[in-house]
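# Fold and geometry: a report
So the chains spell out like this:
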Amino acid sequence: MQLIRQPLYDLKTRPFMVIWETTQACDLACKHCRAESQPEHNPNALSFEEGKKLIDQVVDLGKPHPLFIMTGGDPFKRKDIFDLTDYAARQGLPVALSPSGTPLLNIGNLARLQDVGCKVISLSLDASTPAAHDAFRGVAGSYDWTVNGWKTAREIGLKLQVNTTVTRYNLDDLPDMFALVRFLGVMTWSLFFLVPTGRGLAADEISPEDYEAVMNFLYDASKYVSLKTTEGHHYKRVVLQRAYLEANGLPVEKYMQLNDTYYRLSAALHKHLEDGPVPLIEPDRMRRTPLHVNAGDGFVFISLLGEVFPSGYLPLSAGNVRTQTLKEIYQESNLFKSLRNKDALKGRCGACEYRYVCGGSRSRAFATAGDYLAEEPFCSYQPGSFPFPEAIQEMKH
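The sections below set out a description of the structure shown in this document. Every chain's residues receive numbers from 1 upward, in the order its sequence appears when written. Where totals are concerned, whole chains, interfaces and linings use all residues; where local detail is concerned, this predicted model gives features only for residues with pLDDT of at least 70, and gives and counts side-chain atom pairs only at 80 or more. Only hydrogens and water are removed before side-chain values are computed, so all heavy atoms of the structure are retained for them.

### What about the overall build of the chain?
- The numbering of helices and of strands both runs from the N terminus, where a helix is a DSSP run of H or I of at least 4 residues and a strand a run of E of at least 2. A count of helices and strands for the chain gives 14 helices and ten strands.
- Only protein chains enter the accessibility calculation, which uses a 1.4 Å probe; a residue is then buried when its area is under 20% of its type maximum, exposed when over 50%, and partly exposed in between. Across the 397 residues that make up the chain, the buried fraction comes to 60%.
- Here the contacts in the chain between residues at least 6 apart in sequence split such that 74% fall between residues at least 24 apart. Note on contacts: a residue pair qualifies if any of its non-hydrogen atoms lie within 4.5 Å across the two residues.

This is how it looks when you write it as structure tokens:
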């Protein structure tokens with residue numbers, strides 16, 4: 001089994017994923033909100049006709065088409081979101097939507113979304129209890145709206161990804177979140193690691209050592225639920241290292257940097273597993289790294305005003321789709337090309353043997369050091385310290 005998932009085409013020519021911020025309007029007030037959401041839709045945002053032109057530009061990137069995700073804010077706050085979804089689906093794009101947990105997340109909107117060609121939605125749930133989730137999202141009732149929308153989406157046949165932002169508020173709640181995800185069922189559990197931008201505060205981050213603990217916990221959990229990380233790129237290194245140790249019968253404790261947080265999370269995970277039979281997921285989906293994409297390298301974000309960013313968490317514009325094509329910006333901008341050059345990385349990232357598959361969070365490097373090529377500040381790994389270089393023999397670059 002190959003652990004490192006690679007796209008079937010050159011990421012220098014087109015991205016694997018295109019995210020369009022259709023609006024910043026949202027009825028929630030989340031503590032970490034990248035978009036610093038507003039009550040009403042911005043009238044200067046890309047119009048319906050401009051949105052169609054953007055969709056045409058995504059199609060023009062070539063086949064296989066990128067995954068096209070319409071996010072916000074809350075996309076349901078755009079009155080033309082169903083027409084935009086319909087247009088994108090008719091052009092052959094795989095379309096996903098990322099609505100918020102509000103009263104707009106209802107059977108009528110979800111069924112209509114499915115009718116116009118949306119195949120996947122992603123919902124955010126950041127705690128296993130209503131009180132903790134609602135406190136994080138800033139609105140009472142958000143937990144219930146999200147969970148009910150989750151159940152409804154599954155009932156009508158929409159595929160579902162659940163997003164959880166890892167912060168100091170929910171660090172110890174992750175095993176209970178795992179149990180909830182297993183109970184309600186998802187296509188993917190996506191763990192977002194906080195980047196201090198927008199409303200996100202550096203004070204809400206967990207420590208580098210706890211990052212390592214969480215990623216080792218996620219490796220354990222990945223045997224029971226399909227998961228991935230966002231802005232937690234060093235999870236890919238952990239997967240390679242843990243898989244090697246496991247395959248060779250070597251003790252994890254001796255070779256991985258595990259602290260008390262890991263053992264606490266691990267004990268809680270196993271307590272949930274003891275509560276009832278939980279089958280392993282299919283072997284070819286176990287212990288594989290998330291797809292090898294990073295900011296500007298397989299990934300592109302278009303703001304509601306048409307600005308093209310390497311990531312929604314890396315607020316450096318490489319151009320605007322109102323004046324340039326997405327293909328031109330993605331392929332030719334100096335910003336995107338430098339992000340795809342892993343040999344340009346600095347500090348420990350530049351020296352790391354895993355840089356071609358990991359590369360660290362360029363967004364977090366920029367947010368903390370003001371330099372998107374700086375080392376990943378929340379990775380505690382010292383390059384070359386894992387004594388089995390053959391653990392990365394499958395790595396391709």
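Next comes the rest of the account.
### Regarding the state of the cysteines
- Note on terminology: pairs of cysteine sulfur atoms within 2.5 Å are recorded as disulfides. Under the defined criterion, the tally for this structure stands at zero disulfides.
- Cysteine Cys-358 remains unbridged, with the sulfur of Cys-379 as its closest cysteine sulfur at 6.3 Å.

### Here's the deal with the environment of Ser-317
- Mapped onto the elements of the fold, Ser-317 is located in the loop between strand S10 (308-309) and helix H11 (326-332).
- A relative accessible area of 38% means that Ser-317 is categorised as partly exposed.
- Sequence-wise, Ser-317 and Gly-306 are eleven residues apart; in three dimensions their C-alpha atoms are separated by 9.7 Å.
- Setting aside anything within four residues of it in sequence, one finds Ser-317 in contact with Glu-307, Val-308, Phe-309 and Leu-335.
- Here a polar contact is taken to be a pair of N or O atoms separated by no more than 3.5 Å, where protein atoms must pair a possible hydrogen donor with a possible acceptor and residues adjacent in sequence count only if both atoms sit in side chains. In terms of polar contacts, Ser-317 uses its side chain to reach the backbone carbonyl oxygen of Gly-319, at 3.1 Å.

### Here's the deal with the nonpolar core
- What is meant by a nonpolar core is a set of buried Ala, Val, Leu, Ile, Met, Phe, Trp, Tyr and Cys residues, joined one to another through side-chain atoms within 4.5 Å. With 101 residues, the main nonpolar core has Trp-189 and Leu-326 as its most contacted residues.
- Once you skip the residues sitting within four places of it in the chain, Leu-326 turns out to touch Val-18, Leu-54, Gln-57, Val-58, Leu-61, Val-300, Ile-302, Val-308 and Val-321.
- Met-17, Ile-69, Ala-96 and Phe-299 belong to the second-largest nonpolar core, a separate cluster that totals eight residues.

### Some remarks on the packing of aromatic side chains
- Side-chain rings of Phe, Tyr and Trp (the six-membered ring for Trp) are treated as a pair once their centres are within 6.5 Å; stacked means planes under 30 degrees apart, edge-to-face means over 60, and tilted covers the remaining angles. Under the counting rule described, the total for this entry stands at 13 aromatic pairs.
- Here Phe-178 and Tyr-224 contribute two aromatic rings whose centre-to-centre distance is 6.4 Å and whose plane-to-plane angle is 80°, an arrangement assigned as edge-to-face. Taken as a pair, Phe-178 in helix H6 (residues 174-184) and Tyr-224 in the loop between helix H7 (208-221) and strand S7 (227-230) lie far apart in primary sequence, 46 residues in all. Residue Phe-178 shares its accessibility class with Tyr-224, and that shared class is buried.
- Among the aromatic side chains, those forming a connected cluster through ring pairs are Tyr-244, Tyr-255, Phe-386 and Phe-388.
- By definition, being over a ring means that NZ of Lys or CZ of Arg is both within 6 Å of the ring centre and within 35 degrees of the ring normal. Lying across the ring of Tyr-330, Arg-340 places its NZ or CZ 4.6 Å from the centre.

### Observations concerning empty space enclosed by the protein
- A pocket, in this scheme, is an open set of points on a 1 Å grid over the protein atoms alone with protein on both sides within 12 Å along at least 5 of 7 lines, while a cavity is a set where a 1.4 Å probe fits but cannot get out; residues line either one if an atom lies within 4 Å of a point. Grid points are joined across faces, edges and corners, and a volume is the space filled by probe spheres set on the points. Applying the stated criterion to the full structure yields two cavities of 30 Å³ or more.
- Estimates place the volume of the largest cavity at around 140 Å³.
- Along the wall of the largest cavity there are 14 residues; nearest its centre are Arg-348, Cys-349, Cys-352, Cys-358 and Cys-379.
- Residues are grouped as follows: nonpolar covers Ala, Val, Leu, Ile, Met, Phe, Trp, Tyr, Cys and Pro; charged covers Asp, Glu, Lys and Arg; every other residue, Gly included, is treated as polar. Classifying every residue of the lining of the largest cavity gives six nonpolar, three polar and five charged.

### Remarks on helix H1 (residues 48-59)
- By this rule the span expected of a helix is its residue count minus one, scaled by 1.5 Å. Between its first and last C-alpha atoms H1 spans 17 Å; for twelve residues at 1.5 Å apiece the expected length is 16 Å, and the two agree.
- The complete set of buried residues in H1 reads Gly-51, Leu-54, Ile-55, Gln-57 and Val-58. Along the axis of H1, the buried residues cluster in a sector spanning 155°; they form a single face.
- Looking at the packing, one finds that the buried side of H1 touches strand S1 (17-21), strand S2 (67-71), helix H2 (81-90), strand S9 (298-302) and H11. Think of it as the arc spanned by the lines of direction from the helix axis to the C-beta atoms.

### What to know about the packing of helix H4 (residues 130-137) against helix H5 (residues 142-156)
- Axis definition: a line fitted to C-alpha atoms, limited for helices to the stretch in contact. Angles are taken between N-to-C directions and run from 0 to 180 degrees. As a packed pair, H4 and H5 sit with axes 8 Å apart at the nearest point and diverge in direction by 105°. Taken together, the axes of H4 and H5 are roughly perpendicular relative to one another. Residue-level inspection shows Pro-130, His-133, Asp-134 and Arg-137 of H4 in contact with H5, the latter providing Ser-142, Tyr-143, Asp-144 and Thr-146. Comment on the angle field: the value is read as roughly parallel under 35 degrees, roughly antiparallel over 145, roughly perpendicular from 65 to 115, and oblique elsewhere.

### A closer look at the side chain of Asp-134
- Within the secondary structure, Asp-134 sits in helix H4.
- From its side chain, Asp-134 meets the backbone nitrogen of Tyr-143 in a polar contact 2.7 Å long.

### Some points on the environment of Thr-325
- Counting through the fold element by element, Thr-325 comes out in the loop between S10 and H11.
- Each C-alpha atom, one on Thr-325 and one on Leu-61, is 9.8 Å from the other, the two residues being 264 residues apart in sequence.
- A distance of 3.0 Å separates a polar atom in the side chain of Thr-325 from the backbone nitrogen of Glu-328.

Treat this as a map of the structure, not an account of what it does.
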